[in-house]
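Each chain, letter by letter, is given below.
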Amino acid sequence: MSIQFPVLPYAINALEPHVSAKTLALHHGKHHKGYVDKLNSAIAGTAYAGKSLEAIIGAAHEASETGIFNNAAQSWNHTFLWSSMSPNGGGEPIGPLADAIADRFGNIQGFKAEFKAAALAQFGSGWTWLVRTATELDIVSTGNADTPLLHGSTPLLTLDVWEHAYYLDFQNKRDAYIDAFLSNLINWEFAAENYRADRVAE
Ligand code: MN3
């Protein structure tokens, strides 16, 4: 059984005017699909075939199989990205996640400022994440295909800061792309569900 290429959880134009249908058609339909297709080609007939995406990420990293690792991690990261955005996004979290945000960042503005600074500071291609560590929330950035799954924390939401994620809509203005995400797209319901599930799993 091969790794599935997931459909978007919303219409291709649902994130406009912030992320255009043209960007999503390329980002989801070409970049994400390319990672999944390359991964499936690379693992066919190997010990990786039939494993879950998470298991492939861990095993390929362990074995220093860089090509398989990069395509597997990028497949996982992009699926997580689509759910980190919503046509009804923005606003503020509610419930236990809101309390945890206040504890760690002071308030939602503190969270946004720290997230934006981290996303701007990521040099070159990568990802910025809100994660849950063993004790509290944190914001981390990872380079290229790297993912918090390898670093002992639980991803709650992510933003792709590879140029392919924003260049058609924002050109070189990564700061405007980050602002659009934080103000209009960020899916707090998804983050809250990941937070709840991680606490239940303890
Ligand atoms: Mn991408």
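The rules behind each value
Residues numbered from 1 in each chain as written. Predicted model: local features only at pLDDT ≥ 70, side-chain atom pairs only at ≥ 80, totals over all residues. Heavy atoms only, no water. Axes fitted to C-alpha atoms, helices over the stretch in contact; angles between N-to-C directions. Helix = DSSP H or I, 4+ residues; strand = E, 2+ residues; numbered from the N terminus. Parallel < 35°, antiparallel > 145°, perpendicular 65-115°, else oblique. Contact = heavy atoms within 4.5 Å. Nonpolar A, V, L, I, M, F, W, Y, C, P; charged D, E, K, R; others polar. 1 Å grid on protein atoms, 1.4 Å probe; cavity = no way out; pocket = protein on both sides within 12 Å on 5 of 7 lines; lining within 4 Å. Points joined across faces, edges and corners; volume = space filled by probe spheres on them. Left-handed = near helix turned anticlockwise from the far one by under 90°. Domains from an automatic or database assignment. Buried area = accessible area lost by both parts, 1.4 Å probe. Salt bridge = Lys/Arg side-chain N within 4 Å of Asp/Glu carboxyl O. Polar contact = N/O pair within 3.5 Å; in protein donor to acceptor, adjacent residues only side chain to side chain. Pairing = 2+ DSSP bridges. Expected span 1.5 Å × (residues − 1). Buried < 20%, exposed > 50% of the residue type's maximum accessible area, 1.4 Å probe, protein only. Donors = N, O, S within 2.8 Å, 3.2 Å for Na, K, Ca; no water.

## Some points on the packing of helix H4 (residues 96-105) against helix H8 (residues 188-200)
At a closest axis distance of 9 Å, the pairing of H4 and H8 adopts a crossing angle of 90 degrees. As summarised for this structure, H4 and H8 are arranged roughly perpendicular, according to the angle between their axes. Here H4 contributes Pro-96, Leu-97, Ala-100 and Ile-101 to the contact with H8, which in turn contributes Trp-188, Ala-191, Ala-192, Tyr-195 and Arg-199. Looking at the contact of H4 with H8, its residues break down into 8 nonpolar, no polar and 1 charged.

## So, empty space enclosed by the protein
Taken as a whole, this structure holds 1 cavity of 30 Å³ or more when the rule is applied. If you add up the space inside the largest cavity, you get close to 40 Å³. If you trace the largest cavity, you find it lined by Val-19, Thr-23, Leu-24, His-27, Leu-81, Met-85, Ala-165 and Tyr-177. If you tally residues by element for the lining of the largest cavity, the top one is helix H1 (residues 21-43), at 3 residues. Its residues placed into classes, the lining of the largest cavity shows 6 nonpolar, 2 polar and no charged.

## Quick look at the packing of helix H2 (residues 53-62) against helix H3 (residues 66-84)
Close contact between H2 and H3 brings their axes to 9 Å; oriented N to C, the two are set at 145 degrees. Crossing handedness for the pair H2 and H3: left-handed. Two secondary-structure elements touch here, H2 through Leu-53, Glu-54, Ile-56, Ile-57, Ala-60 and His-61 and H3 through Ile-68, Phe-69, Ala-72, Ala-73, Ser-75 and Trp-76. Here the residues of the contact of H2 with H3 are counted per class, giving 9 nonpolar, 2 polar and 1 charged.

## Looking at the domain arrangement of the protein
Looking at the protein, the domain boundaries give domain 1 (21-84) and domain 2 (95-201). Here the C-alpha centre of domain 2 lies 20 Å away from the C-alpha centre of domain 1. Across the boundary between the two partners, domain 1 contributes 20 residues, which contact 25 residues of domain 2. The junction of domain 1 with domain 2 conceals about 1,800 Å² of combined surface from both sides, 70% of it contributed by carbon and sulfur atoms. In this structure, the connection of domain 1 to domain 2 is made through 0 salt bridges. Counting every contact that joins domain 1 to domain 2 gives 11 residue pairs in polar contact (both at pLDDT 80 or more). Elements supplying a minimum of two residues to the side of domain 1 that touches domain 2: H1, H2 and H3. Within the side of domain 1 that touches domain 2, the residues separate by chemical class into 8 nonpolar, 11 polar and 1 charged.

## Considering the sheet that holds strand S2 (residues 137-143)
Spatially, S2-S1-S3 is the arrangement adopted by the 3 strands of the open sheet, whose pairing is antiparallel. Of all the strands in the sheet, just S2 and strand S3 (154-160) have a single pairing partner and so form its edges. Direction aside, the axes of adjacent strands within the sheet are offset by 25 degrees on average. Direction of pairing for strand S1 (residues 126-132) relative to S3: antiparallel, over a ladder of 6 bridges. Bridging from a neighbouring strand, Leu-130 pairs with Leu-157 of S3.

## Concerning H3
Here H3 spans 26 Å end to end across 19 residues, near enough to the 27 Å set by a 1.5 Å rise per residue. Here H3 lies mainly inside the structure; 14 of its 19 residues are buried.

## Looking at the coordination of the manganese ion
Ligation of the manganese ion by protein atoms is provided by His-27 (NE2), His-78 (NE2), Asp-160 (OD) and His-164 (NE2), these donors lying 1.9 to 2.2 Å from the ion. In the primary sequence, the donor residues of the manganese ion line up as H-x50-H-x81-D-x3-H. In this pair, His-78 sits in helix H3 while Asp-160 sits in strand S3, placing the two residues 82 residues apart along the sequence. Across the pair, Asp-160 and His-78 agree in class, each one buried.

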